[in-house]
Amino acid sequence: LENEDILLYPDDRFGFHRSQIGVAQYQLKDEAWIEYGATNQTPNYLKVISRGFDDLESEILERMKNADEEQTRFYRSIMITLDAINAHCERVRVEADVNGLTELATALQTIPKKPAQTLYQACLFQYILIYALRIINTNHLTLGRFDQYMYSYFLEDMKPVAQDWEADGN
């Protein structure tokens, strides 16, 4: 993520465009470089979008209290990953603010650290997760049941519209 340039376009609502081309590679101890590429992944978007990274980090810190060495390494890797995504999102937020992309900059003041509050924030949060997973060459991500986990955000966004309709006698 540190190597990614921040690419934003006029009227950009989502940002997070890849600037680096190539496959993520990892070197095993005393071995050759390997290419990593997970396929057919369906992350638990609802869990992350509805909780935010801060809440997930709190859960991980709690779990680490009773973790063995292997689990602790795993939890630390998650914390490092969440920190890297947060830092990248902050870079995008600052650049969006500088470029007058107020909607994107404002959304990034909340997500990914805090839960999404609107359909736009929920969709942007999901986009960020997909972006981050693609950075490590997860090459086939599905959206799962998008209709189910985004529905509550849609309904919440529609409340003012429904109230206007009712006020107009519709």
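Residues numbered from 1 in each chain as written. Predicted model: local features only at pLDDT ≥ 70, side-chain atom pairs only at ≥ 80, totals over all residues. Heavy atoms only, no water.

Draft legend 1. Region of the structure containing the overall build of the chain. If you tally the helices and strands in the chain, you get 5 helices and 2 strands. Residues counted as buried form 31% of the 170 residues belonging to the chain. Within the chain, residue pairs in contact and separated by at least 24 positions form 62% of the contacts whose partners lie at least 6 positions apart. Taken as a whole, the chain presents about 11,000 Å² of accessible surface, with 52% of it coming from carbon and sulfur. (Helix = DSSP H or I, 4+ residues; strand = E, 2+ residues; numbered from the N terminus. Buried < 20%, exposed > 50% of the residue type's maximum accessible area, 1.4 Å probe, protein only. Contact = heavy atoms within 4.5 Å. Areas by Shrake-Rupley, 256 points an atom, 1.4 Å probe, with all protein chains shown as cover.)

Draft legend 2. Molecular detail of the environment of Ala105. Inspection of the secondary structure assignment puts Ala105 in helix H3 (residues 102-107). Spatially, the C-alpha atoms of Ala105 and Gly15 are 9.9 Å apart, while their sequence positions differ by 90 residues. If near-sequence neighbours (up to four positions away) are discounted, Ala105 is found in contact with Arg93, Ala96 and Asp97.

Draft legend 3. The nonpolar core, seen in detail. Counting residues in hydrophobic clusters, the biggest one holds 37 residues, and the most contacted among them are Phe16, Ile49, Phe53, Leu104, Leu108, Leu124 and Ile128. Secondary structure elements with two or more residues in this core: helix H1 (45-64), helix H2 (69-98), H3, helix H4 (119-135) and helix H5 (146-167). It is H4 that contributes the most residues to this core, 10 residues altogether. (Core = buried A, V, L, I, M, F, W, Y, C linked by side-chain atoms within 4.5 Å.)

Draft legend 4. Quick look at the packing of H1 against H4. Contact geometry for H1 and H4: axes closest at 10 Å, N-to-C directions at 110°. By the angle between their axes, H1 is roughly perpendicular relative to H4. Contacts between H1 and H4 involve Tyr45, Val48, Ile49, Gly52 and Phe53 from the first element and Ala122, Phe125, Gln126, Leu129 and Ile130 from the second. Here the residues of the contact of H1 with H4 are counted per class, giving 8 nonpolar, 2 polar and no charged. (Axes fitted to C-alpha atoms, helices over the stretch in contact; angles between N-to-C directions. Parallel < 35°, antiparallel > 145°, perpendicular 65-115°, else oblique. Nonpolar A, V, L, I, M, F, W, Y, C, P; charged D, E, K, R; others polar.)

Draft legend 5. Spatial organisation of the pattern of salt bridges. Taken as a whole and assessed by the stated rule, the structure comprises 11 salt bridges. The salt bridge partner of Asp55 is Arg51, with a shortest N-O separation of 2.6 Å. One end of the pair, Asp55, and the other, Arg51, are both in helix H1, 4 residues apart, so they sit about a helical turn from each other. With a closest N to O distance of 3.2 Å, Lys159 and Glu156 form a salt bridge. On the criterion of helical spacing, the pair formed by Lys159 and Glu156 is a turn pair, its members being 3 residues apart in helix H5. (Salt bridge = Lys/Arg side-chain N within 4 Å of Asp/Glu carboxyl O.)

Draft legend 6. Region of the structure containing a nonpolar patch on the surface. On the surface, a cluster of nonpolar side chains totalling about 570 Å² of accessible area is made up of Tyr151, Phe154, Leu155, Met158, Val161 and Trp165. Under the relative-accessibility criterion, Leu155 is labelled partly exposed at 39%. (Patch = residues over 30% accessible without salt bridge, like charges linked within 9 Å, V, L, I, M, F, W, Y side chains within 5 Å.)

Draft legend 7. The environment of Glu59, seen in detail. Here Glu59 is to be found in helix H1. Once you skip the residues sitting within four places of it in the chain, Glu59 turns out to touch Lys47 and Arg51. Polar side-chain contacts of Glu59 include one of 2.8 Å to the side chain of Arg63. (Polar contact = N/O pair within 3.5 Å; in protein donor to acceptor, adjacent residues only side chain to side chain.)

Draft legend 8. Quick peek at H5. In this model H5 runs 31 Å from its N-terminal to its C-terminal C-alpha over 22 residues, within 8% of the 32 Å that 1.5 Å per residue would give. By the largest-angle criterion, Lys159 marks the main kink of H5, which is about 40°, and a proline, Pro160, follows within four residues. Of the residues making up H5, those classed as buried are Tyr149, Met150 and Tyr153. Residues of H5 that are buried make contact with H1 and H4. (Expected span 1.5 Å × (residues − 1). Bend = angle between axes of the 7 residues up to and from the residue.)

Draft legend 9. Representation of the packing of aromatic side chains. Under the criterion given, the structure shown has 8 aromatic pairs. Here the aromatic rings of Phe53 and Phe125 are separated by 5.7 Å at their centres, their planes lie at 75°, and the arrangement is edge-to-face. Of this pair, Phe53 sits in helix H1 while Phe125 is found in helix H4, placing the two residues 72 residues apart along the sequence. Both residues of the pair, Phe53 and Phe125, belong to the buried class. Ring geometry for Tyr151 and Phe154: centres 6.4 Å apart, planes at 25°, overall stacked. Remark: Phe154 and Tyr151 occur in helix H5; sequence separation between them is 3 residues, near one turn of the helix. (Phe/Tyr/Trp six-rings, centres within 6.5 Å; stacked < 30°, edge-to-face > 60°.)

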